[in-house]
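# Fold and contact review
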Amino acid sequence: MHSYTLSHLKALEAEAIFIIREVAAQFTKPVLLFSGGKDSITLLRLAQKAFHPAKLPFPLLHVDTGHNFPETLEFRDQLVEKTKSRLIVRMVQDSIDKGHAAEEKGANPSRNALQTVTLLDTLEEFQFTAALGGARRDEEKTRAKERFFSHRNEFGQWDPKNQRPELWNIFNGKMAMGEHFRVFPLSNWTEMDIWQYIKLENLGLPTIYFTHEREVVNRNGMLLALSDYITVGANESVEKTTVRFRTVGDMTCTGAVKSAANSIDDIIDEVASARITERGGRADDKRSETAMEDRKKDGYF
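Because the structure is a prediction, the values reported are computed rather than measured.

### Quick notes on the layout of surface pockets
- In this structure, the largest pocket occupies an estimated 370 Å³ of space.
- Glu124, Phe128, Gly178, Glu179 and His180 are the residues nearest the centre of the largest pocket, which is lined by 17 residues in total.
- A per-element tally of the lining of the largest pocket places helix α5 (residues 115-126) first, with four residues.
- Residue composition of the lining of the largest pocket, by class: seven nonpolar, six polar and four charged.

### Describing the pattern of salt bridges
- Inspection of every chain in the model, using the stated rule, returns 16 salt bridges.
- Two residues, Glu270 and Arg244, come together in a salt bridge whose shortest N-O distance is 2.8 Å. Separated by 26 residues along the polypeptide, Glu270 in helix α7 (residues 264-273) and Arg244 in strand β9 (residues 238-244) bring together distant segments of the chain.
- In this structure Glu270 comes out as partly exposed when scored by relative accessible area, which is 23%.
- Under the relative-accessibility criterion, Arg244 is labelled buried at 0%.
- Among the charged side chains, a salt-bridge network with shared partners connects Lys10, Glu13, Arg45, Lys49 and Glu201.

### Side note on the sheet that holds strand β7 (residues 212-219)
- If you trace the four strands once around the closed barrel, you get β7-β8-β10-β9, paired in antiparallel fashion. Between one strand axis and the next, the sheet turns through 65° on average, direction left out of account.
- Here β7 runs beside strand β8 (residues 222-225); their pairing, made up of four bridges, is antiparallel. Following the sheet pairing, Val217 is matched in β8 by Leu224.

### Digging into the packing of helix α6 (residues 191-201) against α7
- As a packed pair, α6 and α7 sit with axes 10 Å apart at the nearest point and diverge in direction by 165°. Classified by the angle between their axes, α6 and α7 sit roughly antiparallel to one another. In the crossing of α6 with α7, the sense of the turn from one axis to the other is left-handed. Between α6 and α7, the contacting residues are Glu191, Met192, Trp195, Gln196, Ile198 and Lys199 on the first element and Ile264, Asp265, Ile267, Ile268, Val271 and Ala272 on the second.

The rules we used
- Residues numbered from 1 in each chain as written.
- Predicted model: local features only at pLDDT ≥ 70, side-chain atom pairs only at ≥ 80, totals over all residues.
- Heavy atoms only, no water.
- 1 Å grid on protein atoms, 1.4 Å probe; cavity = no way out; pocket = protein on both sides within 12 Å on 5 of 7 lines; lining within 4 Å.
- Points joined across faces, edges and corners; volume = space filled by probe spheres on them.
- Helix = DSSP H or I, 4+ residues; strand = E, 2+ residues; numbered from the N terminus.
- Nonpolar A, V, L, I, M, F, W, Y, C, P; charged D, E, K, R; others polar.
- Salt bridge = Lys/Arg side-chain N within 4 Å of Asp/Glu carboxyl O.
- Buried < 20%, exposed > 50% of the residue type's maximum accessible area, 1.4 Å probe, protein only.
- Pairing = 2+ DSSP bridges.
- Axes fitted to C-alpha atoms, helices over the stretch in contact; angles between N-to-C directions.
- Parallel < 35°, antiparallel > 145°, perpendicular 65-115°, else oblique.
- Left-handed = near helix turned anticlockwise from the far one by under 90°.
- Contact = heavy atoms within 4.5 Å.

Nothing here speaks to function; it is geometry throughout.
Dropping the structure here:
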């Protein structure tokens, strides 16, 4: 890794650590959203550095759809134990059982959007005032509109036209009763930056990020992992092939890519030549031209 790349990563690291410390200074009850994916793993490492040698001053929160990759949940629990973090898990199934959310119907049902209901209920349950997330501006066009401090109204909704200006390193975390903020310290990072930082810090990852053999269903050009949550259509077939996942999400909407990358260096080379963003393999983003923006306006991550 070249020295200029290291300098670039150190600048991004310093920016993210500054923002995380600002959150701890400005908000009474922050929480770090943690999925067990590469971005939240990176965010956790940055939070550790921000407060070392002290423990994290806030807990981690995972909104579990019940349709997660088992490898990710296993890694999540191992990392939480290793880092001595406090983890709060809330289940989408509980929101469904309480009548707060309803299962989707149709041929391609997903619980991905239902996470919003569970998240908002949990933020209200614990009275969290800020939720740190690992979203990046390069992921998707709606993400590119985000500020570092993303204001949400009393209903948890995001209005892109009603965000505060962020001049230099000045962040406005003032809010009215019932409102909260989502904070994105990795906003200026790219997918390549994440992978190079993971290599630099020697961070562990769930095995699904590396090549492995798996049964998949080709659905409209996306390779979905065969599971109890996927119904194979009459005109669809299952094939066993070598794949990996560029992003971690609900198994019903997270597509794999055919790949032989079995190391961080292999993945870095693969990302360098990719012409589709990592969320290009997410079925939930393809439901409409404004799918992500619509979900965010409802309170999504």
